[in-house]
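Notes for the structure review
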Amino acid sequence: MKHEMLRDIDAVIFDLDGSLVDSMWLWRAIDIEYLGRFGITLPEDLQFKIEGMSFSETAVYFKENFPITDSLDKIKETWNRMAWDKYANEVPLKPGIPDFLAHCQSNGILLGIATSNSRELVTNVVSAHGLLNHFSCIMTGCDVPKGKPAPDIYLAAAAALKTEPSRCLVFEDIVPGILAGKAAGMRVCAVEDAYSAHDRDRKNKLADYYIRDYHELIS
């Protein structure tokens with residue numbers, strides 16, 4: 001096990017997009033299509049500005065910054081519908097995840113998910129891969145006051161898992177998520193992802209560990 005990463009760890013908490021599943025690519029495609037319906041071109045810095053926001057916070061951002069006639073509920077409902085099939089059929093697990101989850105469970109380590117995404121989509125993708133029963137807790141950004149980089153979601157996940165934050169290990173692929181895990185007092189492993197490749201050095205510096213994929217964690 002790399003760096004004996006799981007020593008003194010009682011729970012492992014995964015971010016979803018880019019950390020547990022390879023899905024960061026699809027949100028840019030959805031944003032392009034959705035804004036295009038209103039004749040709006042995707043701003044180049046949009047992904048950077050909404051990074052880490054919860055599903056609800058992102059909908060508010062769209063409503064406040066673009067001439068969109070849809071209500072907040074309609075925006076989220078539309079995004080869920082646009083993403084549903086892609087999550088079920090086009091989003092693969094990050095390499096090595098099934099073996100790593102099995103390793104954690106065989107060692108009595110609890111598993112949780114803390115995601116900025118919607119509950120409908122996280123349940124959909126995890127179920128599609130037959131992994132729903134592996135997780136004792138699924139926490140979304142809409143369940144807590146503030147999205148990442150605030151620590152709220154990770155503290156809520158630790159509480160749901162009845163685990164001290166200092167005994168939790170977080171897997172995150174973007175800087176706001178890494179900052180959220182560290183602010184919660186947890187150890188954080190940064191995960192390689194093409195979407196955040198430009199931030200590789202910063203991720204490496206901020207996190208306690210860095211992996212290219214989960215195969216590295218199984219001896």
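Below is a summary of the structure that appears in this document. This is a predicted model, so every value here is computed, not measured. (Residues numbered from 1 in each chain as written. Predicted model: local features only at pLDDT ≥ 70, side-chain atom pairs only at ≥ 80, totals over all residues. Heavy atoms only, no water.)

The next subject is the overall build of the chain. A count of helices and strands for the chain gives 9 helices and 6 strands. Taking 219 residues into account, the globule formula puts the C-alpha radius of gyration at 17 Å, and the chain, at 17 Å, falls close to it. The principal-axis extent of the C-alpha atoms belonging to the chain is close to 50 × 35 × 30 Å. Relative to its 219 residues, the chain shows a buried fraction of 52%. (Helix = DSSP H or I, 4+ residues; strand = E, 2+ residues; numbered from the N terminus. Rg over C-alpha atoms; globule rule 2.2 N^0.38 Å. Buried < 20%, exposed > 50% of the residue type's maximum accessible area, 1.4 Å probe, protein only.)

Three or more residues of helix H7 (residues 152–160) are buried, namely Ile153, Tyr154, Ala157 and Ala158. Projected down its long axis, H7 carries its buried residues within an arc of 135 degrees, all on one side. In this structure, the buried side of H7 is in contact with strand S1 (11–14), strand S2 (110–115), strand S3 (137–140), strand S4 (168–172) and helix H8 (175–183). The first or second residue beyond H7 is Lys162, which carries a positive phi of 55 degrees. (Arc of directions from axis to C-beta. Contact = heavy atoms within 4.5 Å.)

Interaxial distance between helix H4 (residues 72–89) and helix H6 (residues 119–128) falls to 9 Å at its minimum, and their mutual angle equals 15 degrees. In this view, H4 runs roughly parallel relative to H6, as classed from their interaxial angle. When you trace H4 past H6, the crossing you get is right-handed. Facing H4, whose interface residues are Asn80, Ala83, Trp84, Tyr87 and Ala88, H6 presents Glu120, Leu121, Asn124, Val125 and Ala128. The class makeup of the residues in the contact of H4 with H6 is 7 nonpolar, 2 polar and 1 charged. (Axes fitted to C-alpha atoms, helices over the stretch in contact; angles between N-to-C directions. Parallel < 35°, antiparallel > 145°, perpendicular 65-115°, else oblique. Left-handed = near helix turned anticlockwise from the far one by under 90°. Nonpolar A, V, L, I, M, F, W, Y, C, P; charged D, E, K, R; others polar.)

Attention now moves to the nonpolar core. Grouped burial of nonpolar side chains is what soluble globular proteins tend to show. With 52 residues, the main nonpolar core has Val12, Phe14, Phe62 and Phe171 as its most contacted residues. Excluding anything up to four places from it in sequence, Phe14 contacts Leu20, Ile97, Phe100, Leu101, Leu111, Gly112, Ile113, Ala114, Phe135, Phe171 and Tyr214. Membership of the second largest hydrophobic core comes to 21 residues, among which are Cys137, Val144, Ala184 and Val188. (Core = buried A, V, L, I, M, F, W, Y, C linked by side-chain atoms within 4.5 Å.)

On to the environment of Glu164, then. Tracing the chain through its elements places Glu164 in the loop between H7 and S4. In this structure Glu164 comes out as exposed when scored by relative accessible area, which is 54%. Along the backbone, Glu164 and Ile9 are 155 residues apart, and their C-alpha atoms lie at a distance of 9.5 Å.

All right, on to the sheet that holds S4 then. If you trace the 6 strands from one edge of the open sheet to the other, you get S3-S2-S1-S4-S5-S6, paired in parallel fashion. What marks the edges here is a single partner per strand, and that holds for S3 and strand S6 (209–211). Each strand of the sheet is rotated relative to its neighbour by a mean of 20 degrees, with strand direction disregarded. Where strand S5 (residues 187–191) lies against S6, 3 bridges are found, and the strand directions are parallel. Across the sheet, Ala190 pairs through a bridge with Tyr210, a residue of S6. This element, H6, spans S2 and S3 of the sheet and lies at about 145 degrees to S3. Relative to S3, H7 is tilted by about 155 degrees, and along the sheet it contacts S1, S2, S3 and S4. (Pairing = 2+ DSSP bridges.)

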